[in-house]
Amino acid sequence: MEIEDIFAEIENANSAYRSGQPIMDDAEYDQKVEQAREIAPEHPFLNQVEPEPEGVFSGEKIRHKTPMLSTKKAYSVEEVQAFMANVIAVAQELGIPESEVLFKATPKLDGLSGRYDGAGHLYTRGNGTEGQDISDALAKGLVIEGEHTAMACDGEIVVDEAYFREHLEGQTFAGRELKHPRNFMVGFIACDEMGEHHRMAAEAKAMRFVPYSETGKFLGDAGFFMEKLPEVFHDLRYHCRYRTDGIVIEVTDPRIKAHMGATNSFHRWQIAYKQKGETAEVVVQSITWQVGRTGRVTPVLELDPVNLSGATIRRVTAHNAATVKKDKLGEGAVIRLIRSGEVIPAIEAVIQPAETIHLPESCPCCGNPLQWDGETLVCDAGLQCQDQVEGAMEHFCQTLEIDGFGPKVVEKLVSEGGISRYSEIFTLSAHALEQRGISSGVAKNLEKAIEKRKRTPVDDWRALAAFGFRHLGRGDAKRLLRHTRIGGMNFISEAFIAGIEGFGGITAKSIYESISLNLDEINQVISHLHIIHTMDQGQASGFVPLENEKMVFTGTFQSADRKALEKQAEQLGAKIQSAVNASTTLLVIGDKPGAKKTKAAVEFGTQTLNETAYLSRIQPDE
Ligand SMILES: NC(=O)c1ccc[n+]([C@@H]2O[C@H](COP(=O)([O-])OP(=O)(O)OC[C@H]3O[C@@H](n4cnc5c(N)ncnc54)[C@H](O)[C@@H]3O)[C@@H](O)[C@H]2O)c1
Ligand SMILES: [Zn+2]
C-alpha cells in the first residue's frame, strides 16, 4: 500500500468513528496509526487533533478561545515513568523541589469531548481550534453533572453505562447494531428531531456532560504512582459510571504546566495511560463453520467460557481454513486470547495444538462441495445457498440503511417468505410482511423503514455497494460513480472500468462481470430509490448549480425530508441558513411555510422558489 492510501484509510476510519458509525475497532485503528507513525512520523494527520468531519453536527462553527487538544498515549508503566521523570526535570529547572510535584489521575472517559462556557453554551472539540455549537443538546435533555453549572469547563459527553447496557446495547439503529455508547451519543447530539430512544434516554437523565473535574481522582507524587499504578488504573476505571478507555495523568502545578505547554495535538504536561489488553488461556471445544454472504466459510472456535476484561467469551474467529490447518486448531487445542477494552477478542497465540484437525469438504448450509480460494474455503453455490442469500440481504439493507432487517427478520423472509431478490424488499407492505410470518408491530416498523428509504435521497455509491459485489465496496463504488451514472451501467465496458485510476485489469474484469450479470436487478433497485449522483457533486463534473447561494428551506416537502434536501443543496454548493436575513439569496417554499420566513423574504426582496421550480433548477441539463 502507498503511504497516502494508508492515511486515506485512517482518515476515512476517523471520519466514520466521529460520525458515530465506526468501521473498525479502536485497537485496529490505534495499531494502524502506530504503524503509520513509524513510516511517516511527520505526516500532518499525526500531528493534529483528529478532526470531526464536516456535516455531522449542524450547529454554528466557533473558534475556541484556547485549543482543545487530544492526549499523548502511554501503553506501559515505563512510558508513564518517563513522562513523570520529564515533568520532574522541568520542575527542577523552575526551582520546584521534586517532593512538591504532584500528579492527578482521572478516568479517561470514552465519549465525545465538549466545552461548556458556564452560560448555557456547549461546543464540540471539532478540529481542536474550531468547534461547533451543540447547545441545543441541553434543551434535548443533556444533563450537566455536578454543582458547577455556572463555571466554564471541558468535559466528556457520555451515556450512563448502566442505562446503556439495559436499554440500548445490541439494538439496531440506522441498520447497525449499537455496540458503543459513543455512537448513540453522537446520534443524539447530531439529530434534529429526537427519536423515541433518544427521548427515553434523556428522560432517564442518562445523557450527560461530565466535567473532567467531576470524575473520581487520585492525587499523589511520582513515587506513589509508580508503586500503585495498576490499582489506580483498575480503581478509576471500574468504579466509573461511564465507559472508559484508560486513565489520564497530569501534573497539577500551573507553573509547570505553563512552562511545558503543548504541541499541535497534545499537552506536554498530560498523558493517557492505556492497556493493550488482558489475556487468558482457554481450551477449544469445537469448531463451527459459518457461511458468509460471499460464500466464504469461516471457522469459529467454540470455547470453554472465560472472563476477559469484564465479558464472558465463548467464541472466537480463527479467520480462515488455512489458519486452522497451519495452527492445528480443533477440539482440545489450548489458545491464548487477548482482548483490550471493549474490543472483540482475538487469538494471540496457540499454546498447544489439537491432536487431529478436521476441515469440512462440503458446505455446512447447502452441502455443495467446497473449493479453496487462497487461504479460504468457499461455497460457490451463490443464491442456491440459503446462508449466502440471507447474508447478502442483510448486507443490502444495512448498506442502504433500511432499519430493522437483522438476521432474524431476514431469515424469515428468505426461508419462509420466499424472498430472493433485493428489489422485492421495496414492494413489501406491512400486510405482505405479516403474511410472511413477521409479527404485526415489527411489520409496521419495517414498512416505515422501507418507505423512508424510498423517500429520502441516498448516495448512488451506497446503492451500488449494497449489492456486495467483489471489489466494489463503498470506496470503489464511489470511484466508479465519479465517471458514470448508476443508471448508465448498461453502457459501461471492461475497458472503461480499467481506464479509471485505481482499478487494475483483474478488478475491472470482476466488477464488469458482476455488473453485467445483475443489470436488471440494479436497474430494478434504483427505480425504487431517490438517488443522489456522485457525478453531480462538486468538482467531479463541474456542475455546481447552487454555488454562492445562501439558502433557507421552509415548510414540508413532497420529494424528501427538509433535512435531506438541505444536505443535498449543500452538496450542490449552497450554504444553508436557519433564518432569512439580508444575505439570504434563495428561499425554497414547501407546504405550510413559516410566516416569519416568507415575510422576511418579502422584506429583503429574496428570490423564492416552490418545490417543483427548485427541483428543476438543480437538475443537470442532459
Ligand atoms: N475505531 C476507529 O475507527 C477510531 C477512529 C478514530 C479514533 N479512534 C479512537 O480515538 C482515539 C483518539 O481520539 P481522540 O484524540 O479523540 O482521543 P484520545 O484517546 O487521544 O483522548 C483525548 C481525549 O480524551 C478525552 N478525555 C476523557 N477523559 C479525560 C480526562 N479525565 N481528562 C482529560 N481528557 C479526557 C478528551 O476529550 C480528550 O480530547 C484513538 O486512540 C482511537 O482509540 C478510533
Ligand atoms: Zn452453501
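Counting of residues starts from 1 at the beginning of each chain's written sequence and follows it residue by residue. Throughout, the order in which chains and ligands are written sets their labels, letters from A for the former and numbers from 1 for the latter. At least 70 in pLDDT is required for a residue's local features to be given in this predicted model, at least 80 for side-chain atom pairs to be given and counted, and no such filter applies to totals for whole chains, interfaces and linings, which use all residues. Only heavy atoms go into the side-chain values, all of them from the structure, while hydrogens and water stay out.

Going by what an unreviewed UniProt entry lists, the chain is known as DNA ligase and is assigned to Acidithiobacillus marinus. Check the Function (unreviewed entry) section of the UniProt entry for the chain; it says "DNA ligase that catalyzes the formation of phosphodiester linkages between 5'-phosphoryl and 3'-hydroxyl groups in double-stranded DNA using NAD as a coenzyme and as the energy source for the reaction. It is essential for DNA replication and repair of damaged DNA." UniProt positions are given in the numbering used here, feature names are shortened, and annotations may be inferred rather than shown by experiment. Within the UniProt record for the chain, the comment given under Catalytic activity (unreviewed entry) is "NAD(+) + (deoxyribonucleotide)n-3'-hydroxyl + 5'-phospho-(deoxyribonucleotide)m = (deoxyribonucleotide)n+m + AMP + beta-nicotinamide D-nucleotide."

Engineer: Looking at this structure, how should I read the environment of His 43?
Structural biologist: Position of His 43 relative to the elements: it lies in the loop between helix H2 (26–39) and strand S1 (61–63). Exposure classes here rest on a 1.4 Å probe applied to the protein chains alone. A residue is buried below 20% of its type maximum, exposed above 50%, and partly exposed in between. Taking relative accessible area as the criterion, His 43 reaches 13% and is therefore assigned buried. Taking the C-alpha atoms as reference points, His 43 and Glu 4, separated by 39 residues in sequence, lie 9.8 Å from one another. By definition in these notes, contact holds between two residues if any of their heavy atoms fall within 4.5 Å. With sequence-adjacent residues up to four places away left out, His 43 is seen in contact with Glu 4, Phe 7 and Glu 11. Strands are runs of DSSP state E lasting at least two residues, helices are runs of H or I lasting at least four, and both sets are numbered from the N terminus onward.

Engineer: Would you mind showing me how to read the packing of aromatic side chains here?
Structural biologist: Note on aromatic pairs: each is described by the distance of the centres and the angle between the planes. Ring pairs shown here join Phe, Tyr and Trp side chains whose ring centres sit within 6.5 Å, with only the six-membered ring taken for Trp; geometry is labelled stacked below 30 degrees between planes, edge-to-face above 60, and tilted in between. Counted according to the given criterion, the structure contains 12 aromatic pairs. Ring centres of Tyr 116 and Phe 209 lie 6.3 Å apart, and the angle between their planes is 50 degrees; this geometry places the pair in the tilted category. Taken as a pair, Tyr 116 in strand S4 (residues 112–116) and Phe 209 in strand S11 (residues 207–211) lie far apart in primary sequence, 93 residues in all. Each member of the pair, Tyr 116 together with Phe 209, is buried. On the basis of an interplanar angle of 90 degrees and a centroid distance of 5.4 Å, the ring pair of Phe 553 and Tyr 614 is categorised as edge-to-face. Highlighted residues: Phe 553 in strand S24 (residues 550–554) and Tyr 614 in helix H22 (residues 611–618), separated in sequence by 61 residues. Each of the two residues, Phe 553 as well as Tyr 614, counts as buried. Members of the aromatic cluster, connected to one another through ring pairs, are Phe 396, Tyr 422, Phe 426, Phe 467 and Phe 469. Two conditions define a charge sitting above a ring: the NZ of Lys or the CZ of Arg must be within 6 Å of the ring centre, and it must be within 35 degrees of the ring normal. Of note, Lys 257 hangs over the ring of Trp 269, and the distance from its end group to the ring centre comes to 4.4 Å. One Lys or Arg, Arg 479, reaches over the ring of Phe 503 and ends 5.8 Å from the middle of that ring.

Engineer: Would you take a moment to explain the coordination of the zinc ion (ligand 2) for this structure?
Structural biologist: Each protein donor to the zinc ion (ligand 2) is listed here as Cys 363 (SG), Cys 366 (SG), Cys 379 (SG) and Cys 385 (SG); together their distances run 2.2 to 2.4 Å. The site at the zinc ion (ligand 2) holds 4 donor atoms, and with the angles between them running 100 to 116 degrees, its shape is tetrahedral. For Na, K and Ca the donor cut-off is 3.2 Å, while for other metals it is 2.8 Å, and in both cases only N, O and S atoms qualify; water is not among them, so sites may look incomplete. Counting the intervening residues between successive donors of the zinc ion (ligand 2) yields the motif C-x2-C-x12-C-x5-C. Assessed through its relative accessible area of 4%, Cys 363 is described here as buried. In short, tetrahedral needs four donors with all angles between 85 and 135 degrees, square planar needs four and octahedral six donors with opposite donors over 155 degrees apart and all other angles between 65 and 115, and whatever is left is irregular.

Engineer: Whenever I open this one, the side chain of Thr 124 confuses me. Can you help?
Structural biologist: One can find Thr 124 in strand S5 (residues 122–124). Any pair of nitrogen or oxygen atoms within 3.5 Å is treated as a polar contact; in protein, a donor-acceptor pairing is required on top of that, and neighbouring residues in sequence qualify only through side-chain atoms on both sides. Within polar-contact distance, the side chain of Thr 124 engages the backbone nitrogen of Gly 126 at 3.5 Å. Dropping the residues within four chain positions of it, Thr 124 is found in contact with Glu 52, Phe 57, His 64, Met 68, Ser 113, Gly 131, Gln 132 and Ile 134.

Engineer: I'm lost on the pattern of salt bridges in this one. Help?
Structural biologist: When their charged atoms lie close together, side chains carrying opposite charge are able to pair. Basic side-chain nitrogens of Lys or Arg form a salt bridge, by our definition, when they fall within 4 Å of a carboxyl oxygen of Asp or Glu. Summed over all chains, the structure comprises 35 salt bridges. A salt bridge links Asp 160 to Arg 241, with the nearest nitrogen and oxygen atoms 3.0 Å apart. In this pair, Asp 160 sits in the loop between strand S8 (153–159) and helix H5 (161–168) while Arg 241 sits in the loop between helix H8 (222–238) and strand S13 (244–251), placing the two residues 81 residues apart along the sequence. What makes Arg 241 partly exposed here is its relative accessible area of 46%.

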